[in-house]
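# Residue-level structure breakdown
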Amino acid sequence: MASALTLLRRLYLSIYNWIVFIGWFQVLFLALKALKESGHEHVYNAVEKPLLLAQSAAVLEILHGLIGLVRSPVSSTLPQIGSRLYLTWGILWSFPEIRTHVLVTSLVISWAITEIIRYSFFGMKEAFGFAPSWHLWLRYSTFLLLYPTGISSEVGLIYFALPYIKASEKYCIRMPNKWNFSFDYFYAAIIALGIYVPGSPHLYRYMLAQRKRALSKSKKE
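Quick notes on the rules
Residues numbered from 1 in each chain as written. Predicted model: local features only at pLDDT ≥ 70, side-chain atom pairs only at ≥ 80, totals over all residues. Heavy atoms only, no water. Helix = DSSP H or I, 4+ residues; strand = E, 2+ residues; numbered from the N terminus. Rg over C-alpha atoms; globule rule 2.2 N^0.38 Å. Buried < 20%, exposed > 50% of the residue type's maximum accessible area, 1.4 Å probe, protein only. Areas by Shrake-Rupley, 256 points an atom, 1.4 Å probe, with all protein chains shown as cover. Lys, Arg positive; Asp, Glu negative; His and termini not counted. Charge placed at Lys NZ, Arg CZ, Asp CG, Glu CD. Contact = heavy atoms within 4.5 Å. Phe/Tyr/Trp six-rings, centres within 6.5 Å; stacked < 30°, edge-to-face > 60°. Lys NZ or Arg CZ within 6 Å of the ring centre and 35° of its normal. Salt bridge = Lys/Arg side-chain N within 4 Å of Asp/Glu carboxyl O. Expected span 1.5 Å × (residues − 1). Core = buried A, V, L, I, M, F, W, Y, C linked by side-chain atoms within 4.5 Å. pLDDT = per-residue confidence, 0-100. UniProt positions renumbered as here; feature names shortened; annotations may be inferred. Axes fitted to C-alpha atoms, helices over the stretch in contact; angles between N-to-C directions. Parallel < 35°, antiparallel > 145°, perpendicular 65-115°, else oblique. Left-handed = near helix turned anticlockwise from the far one by under 90°. Nonpolar A, V, L, I, M, F, W, Y, C, P; charged D, E, K, R; others polar.

### Quick word on the overall build of the protein
A tally of helices and strands in the protein yields 8 helices and 0 strands. In the protein, the succession of α and β elements from N to C terminus is α-α-α-α-α-α-α-α. Since a compact globule built from 221 residues should have a radius of gyration of about 17 Å, the 19 Å found for the protein is in line with a globular shape. With the principal axes as the frame, the protein shows a C-alpha extent of 60 × 45 × 30 Å. The 221 residues of the protein split such that 42% are buried. With the model as given, the accessible surface of the protein reaches about 12700 Å², and the carbon-plus-sulfur share is 68%. Averaging the coordinates of the 22 positive side-chain charges in the protein and doing the same for the 11 negative ones gives two points 11 Å apart.

### Section: the environment of G65
Position of G65 among the secondary structure elements: in helix α3 (residues 59–67). Remark: the alpha-carbon pair of G65 and S75, spanning 10 residues in sequence, is separated by 9.5 Å. Contact partners of G65, with chain neighbours within four places excluded, come to V70, S72 and V74.

### Some thoughts on the packing of aromatic side chains
Applying the stated criterion across every chain, the model contains 15 aromatic pairs. With a centroid separation of 6.2 Å and 25° between ring planes, the pair formed by F95 and Y185 is classed as stacked. Remark: Y185 occurs in helix α8 (residues 185–220) and F95 occurs in the loop between α4 (74–93) and α5 (102–128); sequence separation between them is 90 residues. Of the two residues, F95 and Y185, both sit in the buried class. Positioned over the ring face of Y140 is R139, at 4.7 Å from the centre of the ring.

### Quick notes on the pattern of salt bridges
Going through the model one piece at a time under the given rule, you end up with 8 salt bridges. Residue R118 is joined to E61 by a salt bridge in which the shortest nitrogen-to-oxygen separation is 3.1 Å. One end of the pair, R118, is in helix α5; the other, E61, is in helix α3, and 57 residues separate them in sequence. Relative accessible area serves as the criterion here: at 13%, E61 is assigned to the buried category. In this structure, the salt-bridge partner of E169 is R174, at a minimum N-O distance of 3.3 Å. Given the relative accessible area of 42%, E169 is considered partly exposed. Here the salt bridges do not stand alone but share partners, grouping E61, R84, E115 and R118 into one network.

### Quick look at α5
Quick reminder: α-helices carry 3.6 residues per turn. Residues three or four places apart thus point the same way. Helix length check: α5 (27 residues) gives 39 Å between terminal C-alpha atoms against 39 Å at 1.5 Å per residue, within 8%. Of all 27 residues making up α5, 19 are buried, and the element is well covered by its neighbours. Phi turns positive, to about 85°, at G129, one or two residues after α5.

### Brief notes about the nonpolar core
If you look at the biggest cluster of nonpolar residues, it comprises 49 residues, and the most contacted ones within it are W24 and I165. Among the elements of the structure, α1 (2–37), α2 (43–56), α4, α5, α7 (143–168) and α8 are those that each provide at least two residues to this core. Among the elements that make up this core, the one with the highest residue count is α5 (9 residues). Not counting residues up to four positions away in its chain, the partners in contact with W24 are L51, A54, Q55, R84, W111, A112, E115, I116 and Y119.

### What to know about the confidence of the model for the protein
Summary statistics for the protein give a mean pLDDT of 93 and a share of 98% for residues scoring 70 or more. Mean pLDDT values for the elements of the protein range from 88 in α8 up to 98 in α2.

### Re the UniProt feature "transmembrane region" (unreviewed entry) in the protein
Under the UniProt annotation, "transmembrane region" (unreviewed entry) lies at residues 12–32, 101–121, 142–165 and 185–204. Measuring from the first to the last C-alpha atom of residues 185–204 gives 27 Å, for a span that is 100% helix and 0% strand.

### Some remarks on the packing of α4 against α7
Contact pair α4 / α7: the axes reach a minimum separation of 11 Å and the direction vectors enclose 30°. Here α7 runs roughly parallel to α4, going by the angle between their axes. The two elements α4 and α7 meet at a crossing, and its hand is left-handed. Facing α4, whose interface residues are S83, R84, Y86, L87, I91 and L92, α7 presents E154, L157, I158, A161 and I165. Grouping the constituent residues of the contact of α4 with α7 by class yields 8 nonpolar, 1 polar and 2 charged.

Below is the structure:
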């Protein structure tokens with residue numbers, strides 16, 4: 001029974017990782033194609049559908065951690081996925097005015113390369129029980145460059161979206177209302193920017209520690 005459950009777990013995770021890999025590969029291909037043929041202003045429109053699907057699929061990773069399908073701690077998975085979803089849906093999808101900014105291109109390319117490597121790495125491990133050493137190195141090394149470019153793009157896009165957020169008053173709840181509650185999306189965005197200041201270096205140090213452990217373990221093996 002235990003072996004059957006293990007097999008089902010590996011089969012499910014393998015299918016999940018390869019499907020999302022295909023989604024991110026499509027995002028990268030379409031982004032580069034649009035960048036070459038039309039310029040950075042058209043990158044978002046080219047990648048919108050696969051980007052929304054691929055990024056939203058990451059919600060399942062939180063569930064995977066909660067029910068024990070994977071060993072990744074939810075405490076580290078949740079903020080990463082949460083910030084990505086906020087940028088994807090709460091900024092880019094919600095405020096079309098920001099979609100033509102050049103930072104959208106750096107964001108999408110940074111995310112796509114990172115996820116293509118990550119999902120194919122875990123797809124290999126679940127499907128075949130191992131991943132090549134070069135794949136392991138890419139999995140735990142490319143973030144050294146791609147994390148700073150991705151995070152700076154995220155912060156920049158939130159900042160440049162602030163005037164549009166304030167002018168639109170989208171997602172705001174004003175008093176009076178039956179809940180006796182108010183919410184201002186503009187100030188929530190400022191708080192999100194504030195969280196990036198301590199949060200980003202902390203997450204970067206966590207990934208550096210992960211890299212050290214993973215590469216040290218591979219050398220011993």
